[in-house]
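Coordinates in review
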Amino acid sequence: MSPTSPASTTRTRSTRRLTTAQALVAFLARQYTERDGRRHRLISATWGIFGHGNVAGIGQALVEAGHGGNGTAYRMPYLQGRNEQAMVHAAVGYARQSGRLSAHAVTTSIGPGATNLVTGAALATINHLPVLLLPGDTFATRPADPVLQQLEVPYAGDVSVNDCLRPVSRYFDRVTRPEALIPAALQAMRVLADPAETGAVTLALPQDVQAEAYDWPEEFFAERVWRVRRPAPDTAELEAAVRAVRSARRPLIVAGGGVRHSAAEETLAAFTAATRIPVASTQAGKGALRHDHPADVGGIGHTGTATADELARTADLVIGVGTRYTDFTTASGTLFENPAVRFLNLNITGFDAHKLAALPLVADARTGLEALTSALAGRGYRIDPAYETEYTGAKEAWEEQVEASFTTPDPTARPTQTQVLGLLDTLVTEEDILINAAGSLPGDLHKLWRTRSRDQYHVEYGYSCMGYEIPAAIGVLLATGAQGHEGRPVWALVGDGTYLMNPTEIVTAVQENLPLRLLILQNHGYASIGGLSEAVGGERFGTAYRHRDPDGGFTGPPLPVDLAANAASLGMRVLRATTVDDLRKALAEARSAEGPTCVYVETETPDTVSGPPPAQAWWDVPVAETASRPAAVTAREEYDRRVAARRHHL
């Protein structure tokens, strides 16, 4: 991808003397993306925690850039984080909410600050979301060896802890000389702005090189606009796709995150209006159609709806749009049962378009859907009305199950988790945004949540990283321009296990006066893994937050942990709810509150009436092949039965 810069009749040869860090920050402040005629700042802010590896380099450069230094009016806003992993999560939340057209940079010192980036970088790359990582590195000139926090590798003198970031980065470079920054920075921007390649990008910056001065060519600081391409499909691939659709009798669309990244929701709606093909969604694709759209049949796969999963079992053509077909989507290779099923994959990357031996349609999701709709127009294709009646009737039946799960008949009772979601469902509008990533909530949300807008549903399930929710909510709030009580309501939904992983960015929300709505569901342990452990013969071992018993297990009383008090100690206003009625009032108060507000509730273990519908499809988690305990033996028998249904689509 090539950027554009303003045309000029003469090329200046003047230079500007800056440190490498100053030059990098000045360069970043002048980078833009453009898509569909709209321009966006590519790197709109930099998160940072400072140590000896970046304080005198990037830190000093940000001081100057924050005041329009270096003889320019370009500024680089600075955001103060508390945990390096959390800063990356916040940057990822910002990038997703910004449609991948704007991103944040994250700078850290060397050593633990740098290695703390690895989890966030993996999350960004797996989810195809741009973030620029600027970790400090050990001295390039090696005046002292080793320096504080340096990893010594006896067989290689050029390895540092930053090399941990190589496999989780879409582009990695170590800038060991000032002049090496020029090609490295340009490559970094190319990857960040490329919808087929984007993810975490790492420029490792030795601390001495950061502070070293160099005479930079003025051309390096010219405004550059990186045009985000919308590649059209190949003519032959398009014709093959049209033939596949026209021959299908029971087609099903699987909408993935690519629909959202491409802003293709309206185009997808137009395609379904023309063809009446039903649309199921992955976690990343949920919201591609509103929940009340006639063609929307809900989530698909292990955490999907009965409607979508039954359609998947009988589909003769599965049309994947912007999805990478994770095991949750395919039910570990057991969901698409029709012996004659074939796949047509519309994806911007050839890697994903060819999955499941599919007919590939390599293109931008919106451009590809437009081309497919146009090519089908006039050829008279529409699904059989009986098929449409079938799936709309099944959707109505599923909605009755959702209502039963959300029902709270006793306002004085402690709510179940699904009842908490039901109360929230009655409160939100299309303006609200829900953020979640791990635990049992993603499954309940995927099955039950009624998505009202294209960006309401923000569940990070590519990496399913505990601790993502609070910092990601901060990133989303920054992207929506929220402040005080102004802006869209953004809810971070967390269980107690997730909260304990990463609550520190509450302090950042307080510092920035961001109206974060934090909903903590306390169930005294890892409820999701507890359920999985029971299903695979693990007997819920190590999943409850309880005191040790005399036999060494964890079956004693619940730990006296007060997460509400912890949130309050970090500066949040906290509303405690004990009953369904308490919770209803607390949620309404939090939604209209000014500044960061927490709602804390202990949830009841669901029974067969108030709990969510069970999983509608399998998920492969291997069970011990030999065991002496009855729970594992029984679980293995069930596993052998399930795994026999798995197939390769060839």
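Everything in this summary refers to the structure shown in the same document. (Residues numbered from 1 in each chain as written. Predicted model: local features only at pLDDT ≥ 70, side-chain atom pairs only at ≥ 80, totals over all residues. Heavy atoms only, no water.)

Side note on the overall build of the protein
Assigned secondary structure in the protein consists of 24 helices and 24 strands. Taking 650 residues into account, the globule formula puts the C-alpha radius of gyration at 26 Å, and the protein, at 26 Å, falls close to it. Principal-axis analysis of the C-alpha atoms gives the protein an extent of 70 × 70 × 55 Å. Residues counted as buried form 56% of the 650 residues belonging to the protein. Put simply, of all contacts in the protein between residues at least 6 apart along the chain, 77% involve residues at least 24 apart. Only carbon and sulfur atoms are counted for the fraction: they give 53% of the accessible area of the protein, which is about 25700 Å². (Helix = DSSP H or I, 4+ residues; strand = E, 2+ residues; numbered from the N terminus. Rg over C-alpha atoms; globule rule 2.2 N^0.38 Å. Buried < 20%, exposed > 50% of the residue type's maximum accessible area, 1.4 Å probe, protein only. Contact = heavy atoms within 4.5 Å. Areas by Shrake-Rupley, 256 points an atom, 1.4 Å probe, with all protein chains shown as cover.)

As for helix α10 (residues 265-275)
E265, T267, L268, F271, T272 and T275 are the residues of α10 that are buried. For α10, the buried positions fall inside an angular range of 160° around the axis, keeping them on one side. A positive phi of about 65° marks R276, the residue just after α10. (Arc of directions from axis to C-beta.)

Comments concerning the nonpolar core
With 52 residues, the main nonpolar core has L268 and I300 as its most contacted residues. In terms of residue count, helix α14 (residues 365-376) provides more of this core than any other element does, six residues in total. By size, the runner-up hydrophobic cluster in this structure holds 50 residues, among which are I433, A437, L514 and Y600. (Core = buried A, V, L, I, M, F, W, Y, C linked by side-chain atoms within 4.5 Å.)

Details of the pairing of strand β4 (residues 38-41)
On a regular strand, one side chain projects to one face of the sheet and the next to the other, so that they alternate. Strand direction decides the pairing type here: strand β3 (residues 31-35) and β4, joined by four bridges, are antiparallel. Bridge assignment links R35 to a residue of β4, and that residue is R38. Once β3 ends, the chain turns through two residues before running back antiparallel as β4, passing D36 with a positive phi of about 55°. (Pairing = 2+ DSSP bridges.)

Considering the pairing of strand β17 (residues 342-347)
The element β17 is largely enclosed, with a buried count of five among its six residues. One ladder, built from four bridges, connects β17 with strand β18 (residues 359-362); its direction is parallel. Bridging across to β18, N345 finds its partner in P360.

Examining the pattern of salt bridges
Counted according to the given criterion, the structure contains 42 salt bridges. When the shortest N-O distance is used, the salt bridge between E179 and R177 registers 3.5 Å. Take E179: its relative accessible area is 34%, and that puts it in the partly exposed class. Taken together, the shared-partner salt bridges connect R35, D36, R230, D364, R366 and E370 into one network. (Salt bridge = Lys/Arg side-chain N within 4 Å of Asp/Glu carboxyl O.)

Here we look at the side chain of D309
With respect to the helices, strands and loops of the structure, D309 is situated in helix α11 (residues 306-314). Look at D309: it is buried, it has no salt bridge, and the nearest opposite charge is R313 at 4.9 Å. Looking at D309, its side chain comes within polar contact range of the main-chain nitrogen of G301, at 2.8 Å. (Lys, Arg positive; Asp, Glu negative; His and termini not counted. Polar contact = N/O pair within 3.5 Å; in protein donor to acceptor, adjacent residues only side chain to side chain.)

Some details on unusual backbone geometry
In this model, D145 is joined to P146 through a cis peptide bond whose omega is 10°. Positive phi values are uncommon outside glycine, yet Q149 reaches one of about 75°. Locating Q149 in the fold gives a position in the loop between β8 (131-137) and β9 (171-174). On the basis of relative accessibility, which here comes to 35%, the residue Q149 falls in the partly exposed class.

Notes on the sheet that holds strand β13 (residues 251-255)
The six strands lie next to each other as β15-β14-β13-β16-β17-β18, forming an open sheet whose pairing is parallel. Edge positions in the sheet fall to β15 (296-299) and β18, since each has one partner strand and no second. Each strand of the sheet is rotated relative to its neighbour by a mean of 20°, with strand direction disregarded. When strand β14 (residues 279-281) meets β15, the two strands line up parallel, connected through three bridges. What sits directly across from S281, in β15, is G299. Strands in contact with α11 are β13, β14 and β15; relative to β15, the strand with the most contacts, it is inclined by about 100°. (Axes fitted to C-alpha atoms, helices over the stretch in contact; angles between N-to-C directions.)

As for the packing of aromatic side chains
Within the structure shown, the criterion is met by twelve aromatic pairs. Relative to F343, the ring of F336 lies with its centre 5.3 Å away and its plane at 85°, an arrangement referred to as edge-to-face. Residue F336 shares its accessibility class with F343, and that shared class is buried. Both rings, one in Y526 and one in Y545, keep their centres 5.1 Å apart while their planes meet at 75°; by these two values the pair is edge-to-face. Taken as a pair, Y526 in the loop between β22 (516-522) and α21 (527-535) and Y545 in the loop between α21 and α22 (563-569) lie far apart in primary sequence, 19 residues in all. Exposure remark for Y545: the relative accessible area of 16% places this residue in the buried category. Within the aromatic cluster, the residues linked to one another by ring pairs are F27, Y214, W216, F220 and F221. Positioned above the aromatic ring of Y32, the side-chain terminus of R39 is 4.0 Å from the ring centre. Geometry around Y600 places R576 over its ring, the cationic atom sitting 5.7 Å from the centre. (Phe/Tyr/Trp six-rings, centres within 6.5 Å; stacked < 30°, edge-to-face > 60°. Lys NZ or Arg CZ within 6 Å of the ring centre and 35° of its normal.)

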